[in-house]
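Below, each chain spelled out in residue letters.
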Amino acid sequence: SFPTRRSSDLDELLTNGAFDRGVGAWGGYSDDDATVLGQATDCRGLLSSPCLQFSASQANISLLISNPFSMERGRGYVVAFKILGIRGLSNIEGPTKVIVRRNGPTYDSLGLEEEFPLLNTWQDIQFFYTAAESGSRFARLDIQFPKGAEAFVDNVSIRSVSLSSLRSSANQQILLNSSAT
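Given the structure is predicted, the values throughout are model-derived calculations rather than measurements.

Caption draft 1: The pairing of strand S9 (residues 123–130), seen in detail. With 6 of 8 residues buried, S9 is to be regarded as a mostly interior element. Where strand S6 (residues 76–87) lies against S9, 8 bridges are found, and the strand directions are antiparallel. Across the sheet, the residue bridging to Phe81 is Ile125, located in S9.

Caption draft 2: Spatial organisation of unusual backbone geometry. For the bond running from Pro105 to Thr106, omega is 25°, close enough to zero to count as cis. In this structure, Thr106 sits in the loop between strand S7 (96–102) and strand S8 (109–116). With a phi close to 50°, Asn155 is a non-glycine residue in the positive phi region. Along the chain, Asn155 turns up in strand S11 (residues 150–161).

Caption draft 3: Expanded view of the nonpolar core. If you look at the biggest cluster of nonpolar residues, it comprises 34 residues, and the most contacted ones within it are Met71, Val100 and Phe145. For this core, the secondary-structure elements that each account for two or more residues are strand S3 (51–55), strand S5 (69–71), S6, S7, S8, S9, strand S10 (135–145) and S11. Residue contributions to this core peak at 5 residues, all from S10. Setting aside its immediate chain neighbours within four residues, Phe145 contacts Phe54, Ala56, Ile61, Ser62, Leu64, Ile83, Thr96, Leu118, Ala151 and Val153. Of all hydrophobic cores here, the second largest spans 7 residues; its members include Ala40, Leu46, Cys51 and Phe152.

Procedures and definitions
Residues numbered from 1 in each chain as written. Predicted model: local features only at pLDDT ≥ 70, side-chain atom pairs only at ≥ 80, totals over all residues. Heavy atoms only, no water. Buried < 20%, exposed > 50% of the residue type's maximum accessible area, 1.4 Å probe, protein only. Helix = DSSP H or I, 4+ residues; strand = E, 2+ residues; numbered from the N terminus. Pairing = 2+ DSSP bridges. Core = buried A, V, L, I, M, F, W, Y, C linked by side-chain atoms within 4.5 Å. Contact = heavy atoms within 4.5 Å.

Shown next as structure tokens:
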């Protein structure tokens with residue numbers, strides 16, 4: 001028998017954003033190669049364990065990097081994830097960011113680059129953006145952490161949406177990217 005996908009998974013652009021199959025589709029980067037990521041089973045109150053545990057470099061900003069994915073220019077997308085800061089929050093320098101960027105040189109933004117606070121409580125983060133370019137498996141999602149930060153991350157998702165469906169969703173809290181139309 002062939003494995004089946006839930007209909008809710010059909011539009012998902014990221015691989016294993018729930019981290020229930022490890023962290024193999026995800027990577028980390030810092031200039032000093034000191035970023036550490038792994039699967040955690042004790043996710044401090046998160047009911048959907050396991051999750052990803054991320055430790056940034058002590059000396060440099062660090063990136064949590066998704067698998068490459070495709071986008072269509074002018075189409076709307078929602079990036080969503082859960083995050084909990086677990087260490088380094090009182091003395092971190094600089095913002096935490098979510099960025100959709102080119103998966104290779106020039107690494108430029110492709111429609112989303114937004115800051116958000118890293119807190120010591122679980123947060124549901126959502127941003128809407130409009131893709132600046134089209135391409136096959138040329139984009140990636142980065143969560144950029146300041147040096148010394150540690151966090152749990154779970155349920156990372158990117159889905160294509162229509163603006164009309166966002167407007168009709170009751171009780172939906174989405175931070176609209178200022179560059180979105």
